[in-house]
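Examining the three-dimensional arrangement
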Amino acid sequence: MARLEQVITNIVDIFLDYAEDEGKKHKLNKDELKKVLEQEIQSPELKDKINAGDIEEAMEMLDKNHDGEVNFREFCRCVSVLAKSYYQKKTGRGGKKGKGKEQGDEPED
Ligand SMILES: [Ca+2]
Ligand SMILES: [Ca+2]
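Residues numbered from 1 in each chain as written. Chains lettered and ligands numbered in written order. Predicted model: local features only at pLDDT ≥ 70, side-chain atom pairs only at ≥ 80, totals over all residues.

When helices and strands are counted, the protein chain shows five helices and zero strands. Listing every helix and strand of the protein chain by position from the N terminus yields α-α-α-α-α. Looking at the 109 residues of the protein chain, the share that counts as buried comes to 17%. (Helix = DSSP H or I, 4+ residues; strand = E, 2+ residues; numbered from the N terminus. Buried ≥ 20, exposed ≤ 12 C-beta atoms within 10 Å, placed from the backbone.)

Below, the structure is given as structure tokens:
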């Protein structure tokens, strides 16, 4: 399978694996969320981004519609936050509002 396809199917499969564990089959409750964050994210930096150390705070941050659970849309947002944070770390971009170097307009990539 192509790399991006793998990523896509992984995101869906991981979500469902944990979401189907208990309660509503297509939502992560607090316990399920805790397990995903514990088992599927190892890097302390990424964990920090979503407050994975404190499940109450992580849930607060991810549960945008405040129903007490993380649905797939909310989970995708979480993955996206993590991907952006990794991207910033890797490229040094997109973090703060860019000052841009003095008139340096040459493309670098
Ligand atoms: Ca569930
Ligand atoms: Ca929710």
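Still more to cover.
Attention now moves to helix 2 (residues 30-40). Within the sequence span of helix 2, burial applies to Glu32, Leu33, Val36 and Leu37. What you see down the axis of helix 2 is that its buried residues fit within an arc of 130°, all on one side. Seen from the buried face of helix 2, the exposed residues on the opposite side, beyond 90 degrees, are Asp31, Glu38 and Gln39. (Arc of directions from axis to C-beta.)

A word on the packing of helix 1 (residues 3-19) against helix 2. In the contact formed by helix 1 and helix 2, the axes pass within 9 Å of each other and the chain directions differ by 135°. If you check the angle between helix 1 and helix 2, you find them oblique. Once helix 1 is placed against helix 2, the crossing between them reads as right-handed. Contacts between helix 1 and helix 2 involve Ile14, Tyr18 and Ala19 from the first element and Glu32, Lys35, Val36 and Glu40 from the second. The class makeup of the residues in the contact of helix 1 with helix 2 is four nonpolar, no polar and three charged. (Axes fitted to C-alpha atoms, helices over the stretch in contact; angles between N-to-C directions. Parallel < 35°, antiparallel > 145°, perpendicular 65-115°, else oblique. Left-handed = near helix turned anticlockwise from the far one by under 90°. Contact = placed C-beta atoms within 7 Å. Nonpolar A, V, L, I, M, F, W, Y, C, P; charged D, E, K, R; others polar.)

Okay, the UniProt feature "domain: EF-hand" (unreviewed entry) in the protein chain next. In the numbering used here, UniProt assigns the "domain: EF-hand" (unreviewed entry) feature to residues 50-85. Each end of residues 50-85 is marked by a C-alpha atom, and these two atoms are 10 Å apart; helix forms 61% of the span and strand 0%. (UniProt positions renumbered as here; feature names shortened; annotations may be inferred.)

With that settled, consider helix 1. Taking 1.5 Å per residue, 17 residues should reach 24 Å; helix 1 reaches 24 Å between its end C-alpha atoms and fits that length. Restricting attention to buried positions, one finds in helix 1 the residues Phe15, Tyr18 and Ala19. Down the axis of helix 1, the sector holding all buried residues measures 110°, keeping them to one side. In helix 1, the exposed positions angled more than 90 degrees off the buried face are occupied by Arg3, Glu5, Gln6, Thr9 and Asp13. In this fold, the buried residues of helix 1 make contact with helix 2 and helix 5 (72-91). (Expected span 1.5 Å × (residues − 1).)

Next up on the list: unusual backbone geometry. A positive phi angle is found at asparagine 51, which is not glycine, with a value near 55°. Even without being a glycine, histidine 66 presents a positive backbone phi close to 55°. In this fold, histidine 66 is placed in the loop between helix 4 (55-62) and helix 5. Since 8 C-beta atoms lie within 10 Å of it, histidine 66 is described here as exposed.

Leu28, Leu33, Ala58 and Leu62 are the most contacted members of the largest nonpolar core, which totals 15 residues. If you list the elements that add at least two residues to this core, you get helix 1, helix 2, helix 4 and helix 5. Setting aside residues no more than four positions away along its own chain, leucine 28 makes contact with Tyr18, Ala19, Leu33, Val36, Glu69, Val70 and Phe75. (Core = buried A, V, L, I, M, F, W, Y, C linked by C-beta atoms within 7 Å.)

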